[in-house]
Amino acid sequence: MTWLIATLVILLAFELYYVRIVLRVFETKPPFGVPFFQPDPGAESIEFTTRDGLTLRGSLHRQPDRTAKGLILFCPETDGSHWSAMSYCHGLIEDGFDVLSFDFRGQGESDLLPGYIPNHWPTMYEVEDVRAAIDFISRREDLQGLPLGLMGVSRGSAMALIAAAECPSVRAVCCEGAYSTDALTLYFILHWSSIYLPGWLRRFIPLWHYELTMILVRWTSRFLRQRRYVVLERWLPRLRNRPVLLVTGERDNYVHPDVARELVRCIHSSAAQVWTVPRAKHNKARNVAAAEYDRRLTAFFSQLDAPVTAS
């Protein structure tokens, strides 16, 4: 009995030590180096209010002399601007789609939430923001009749996937640099274990122990930061009947392509696919494959005319 208690104490001490190490990295925002995008004077400035009273601002890029093929709701990356939609969605705008983009709370031109400092992990606050954007679209007579697609970049990808899962009117969703909090954390925990733990010890640690560490880190950060992190995997099975395209860079040092493949596995549908762009880094697929990037996105969103059935 004494031996068992001593073993449990040692295991608990080790777990707390490892959680402390992972937590420090978990809460450190990487230096993404998001580029600056020039405003488009031809875009319509928009704003709408969230259900908790914040004003979010963005832009609407319309087709000036023709009826749009559809509307793409764009969710930008961490520290990004709604103007970045002009780069990622350039081919879609040229092909005849309208694009609506907005800044999440605490980012760009949108309101700050007192006491909340956004980081690279998606929370339920950003989910509320994208819900407000969907509500805004549904209230505008000139937008509500257009076939709706979503596009998200990096953290914005989680919001795009959740909005598509929740809203049957969303007919297709494309994301670049997509990740979930749990999948990405687990990937790096396994990677870091090779640095902090000797090989002989790693062989005796089961996968469920790493998964437990991941959950403890998320819960601890939630308590300390007073925010609800999104567990994206809970929404992904609802996308089984929806076309999903995940774009990932072969040289992405922030989100390994294996993470995108894990998200597709969770969707468990032949309509979900991953495009791995050779030589591309995080959110830089269009930088190295501009023509192919635009061609694939316009071909993918040409499915907006196809009806969908709610899960």
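Residues numbered from 1 in each chain as written. Predicted model: local features only at pLDDT ≥ 70, side-chain atom pairs only at ≥ 80, totals over all residues. Heavy atoms only, no water.

> Help me understand helix α12 (residues 290-301) in this model?
Three- or four-residue spacings in an α-helix give side chains the same orientation, since the helix completes a turn every 3.6 residues. Taking 1.5 Å of rise per residue, the 12 residues of α12 would be expected to cover 16 Å, and the 17 Å separating its terminal C-alpha atoms lies within 8% of that figure. Buried residues of α12: Tyr-293, Asp-294, Leu-297, Thr-298, Phe-300 and Phe-301, and no others. Around the axis of α12, the buried residues are gathered within 160° of arc, so they sit on the same side. (Helix = DSSP H or I, 4+ residues; strand = E, 2+ residues; numbered from the N terminus. Expected span 1.5 Å × (residues − 1). Buried < 20%, exposed > 50% of the residue type's maximum accessible area, 1.4 Å probe, protein only. Arc of directions from axis to C-beta.)

> How should I be thinking about the pattern of salt bridges in this particular structure?
A side chain of one charge can pair with a side chain of the opposite charge if their charged atoms are brought near each other. Scanning the entire structure with this criterion turns up 21 salt bridges. Between Arg-131 and Glu-166 there is a salt bridge, and its shortest N-O distance comes to 2.6 Å. Linking Arg-131 in helix α4 (residues 124-139) with Glu-166 in helix α6 (residues 155-166), this pair joins segments that are 35 residues apart in sequence. According to the relative accessible area criterion, Arg-131 is buried, its value standing at 18%. Glu-166 sits in the partly exposed class, given a relative accessible area of 31%. A cluster of three or more residues bridged by salt bridges with shared partners is formed by Glu-44, Arg-62, Asp-98, Arg-140 and Asp-142. (Salt bridge = Lys/Arg side-chain N within 4 Å of Asp/Glu carboxyl O.)

> Before we go on, may I ask you to explain the pairing of strand β7 (residues 244-249) in this structure?
Summarising burial for β7: six of the six residues are buried, a large majority. The two faces of β7 match: Val-244, Leu-246 and Thr-248 on one face and Leu-245, Val-247 and Gly-249 on the other face are all buried. Looking at chain direction, strand β6 (residues 170-176) and β7 are connected through four bridges and run parallel. The residue bridging Glu-176 from the neighbouring strand is Val-247, located in β7. Where β7 lies against strand β8 (residues 272-277), six bridges are found, and the strand directions are parallel. Opposite Thr-248, over in β8, you have Thr-276 as the bridge partner. Assessed by its sense of winding, the connection that carries the chain from β7 through helix α10 (residues 257-267) to β8 is right-handed. (Pairing = 2+ DSSP bridges. Right-handed = clockwise from strand over helix to strand, strands pointing away.)

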